[in-house]
Amino acid sequence: MSPIPFLSNDGFVNNPFPDDPAEEAAALLRLADTGPDRFRTHPVPSGLLRLYGGQIVAQALGAMRLTVPSGKVAHALHLFYQRPGLTDRPLDLAVERDTDGRSFAQRRVAVTQDGAPVAYAMASFQVPESSGLHQDPMPDVPGPADLPPLARFFADNLADVPDRQRPFWCRRQMFDWRPVEPFHLGPITPMPARRHFWFRAQVPFTDSPEMHQTLLAYASDTHIIQGGLRPMGIAWDDAHLQISSLDHAVWFHQPCRVDDWLLYVIDSPVASGSRVLGTGTIHARDGTLVATVVQQGLARMLDAPREGKI
C-alpha cells in the first residue's frame, strides 16, 4: 500500500497540530506543578475553534492521578463539560482529595481557563484485586490488516472535507483509525448506529500502564457521538449541525496497550432533546474487554449553516 499523503500544516489556515504523534502525546501528558494539588497544562496545539474534548478528559485524569498514592489505578472517570475550552490559553487543574481508603481513593478536579470554568470531573482509584471474571464477547469483525486507514479516506476525499473539519481530520493523527463499516462524507440515509473502529497509536510508548490509560481516555472521545446521528440520517459534517460533548464517562476494566490494536464498538440507544447518547466498549485484540465508554453530546440542527472550525 502506498504511503498516505498529508498536507503540511501550511496547507491550512491556523493549523499548528503537531505533525509528530509522539509530540502530540508529550504535549498531552505535560502537567506543571503550580502548588499543592494544583497543575497547569498548555493545550495541544490545534487549528480548532475549541479544545478537543478528549484532551480535557485525559488531562483531568492525569492531574487526579498525580495526587493518588502509588499502587491505586483508575477504574472510573466521569467528566462534565461546562464551556468550550480555548485553544490558545493554558488550563488550570485544581484537585480535591475526597477519600483515601485502604482499597479505594476518590478525587475531584476543576478545570479552568483564566478563572472561568471549563469542566469538572471525578475519578475513583483502586488497588488491583483478583476476582471472578465475565464479559460480553468481542464482535466478530474483519481485522485491522484487512481494512484501509481512515487517514487514506480523508486524503482521497480531501476536496469534499469541509474547511472547518480539515484541521482535525486532515493531519497526521496520533492514532491510526480503521473503520469496519464504510465511512461517509455528506448526506446519508438513516442507518443503524452500531459501528466498529480498530485503532492503535502511531508510535510505541513505554510500559507505563498509567500512560496507556490516559491515552485511551484521550482516544475514547473520537467517533462515539457520530454513530448516534446515523439513525436520524444526519451527517456528522452537515454545515447546519451544532455538535458538542456534554459529559463523558469511562470505566477501566483491564490494563491495555494503546500501541497495539484495540476495537472500539460504538452504539447509540437514544437521541432526544437535541442530545445524542453514545455508548462504546473497547476490546484488546485478544478479545479482552478493557473499557466501557458513555458520552452524551449536543446534536442541534441550526437554521443557518455554521461558520468557523469545529
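Everything in this summary refers to the structure shown in the same document. (Residues numbered from 1 in each chain as written. Predicted model: local features only at pLDDT ≥ 70, side-chain atom pairs only at ≥ 80, totals over all residues. Heavy atoms only, no water.)

**Let's talk about the pairing of strand 4 (residues 91–100)**
Here's step 1: Both strand 2 (residues 38–41) and strand 4 contribute to a ladder of four bridges, which runs antiparallel. The residue of strand 4 that forms the bridge with Thr41 is Leu91.
Here's step 2: Examined bridge by bridge, strand 4 and strand 5 (residues 104–113) share eight bridges and lie antiparallel to one another. By the bridge assignment for strand 5, Asp92 is matched with Thr112.
Here's step 3: Linking strand 4 back to strand 5 in an antiparallel pair, the connection comprises three residues. (Pairing = 2+ DSSP bridges. Helix = DSSP H or I, 4+ residues; strand = E, 2+ residues; numbered from the N terminus.)

**Topic: the nonpolar core**
Here's step 1: In terms of nonpolar packing, the biggest core is built from 72 residues, with Phe175, Phe199, Leu215, Leu216, Leu262, Tyr264 and Ile282 touching the most fellow members.
Here's step 2: A total of seven residues in this core trace back to one element, the largest contributor, which is helix 2 (residues 53–65).
Here's step 3: If near-sequence neighbours (up to four positions away) are discounted, Ile282 is found in contact with Phe199, Leu216, Ser220, Leu262, Leu263, Tyr264, Thr288, Leu289, Val290, Ala291 and Val293.
Here's step 4: Counting seven residues, the second-largest nonpolar core is a separate cluster that includes Val141, Val180, Leu263 and Val265. (Core = buried A, V, L, I, M, F, W, Y, C linked by side-chain atoms within 4.5 Å. Buried < 20%, exposed > 50% of the residue type's maximum accessible area, 1.4 Å probe, protein only. Contact = heavy atoms within 4.5 Å.)

**Some remarks on the sheet that holds strand 10 (residues 262–272)**
Here's step 1: The strand order across the open sheet formed by twelve strands is 1-2-4-5-6-3-9-12-11-10-8-7, and the pairing between neighbours is antiparallel. Each of the sheet's edge strands pairs with one partner strand only, and the pair in question is strand 1 (32–35) and strand 7 (175–179). Between one strand axis and the next, the sheet turns through 25° on average, direction left out of account.
Here's step 2: Most of the contacts of helix 5 (residues 209–219) go to strand 7, to which it runs at about 50°, and overall it touches strand 3 (73–81), strand 7, strand 8 (195–201), strand 9 (241–252), strand 10, strand 11 (275–284) and strand 12 (289–301). (Axes fitted to C-alpha atoms, helices over the stretch in contact; angles between N-to-C directions.)

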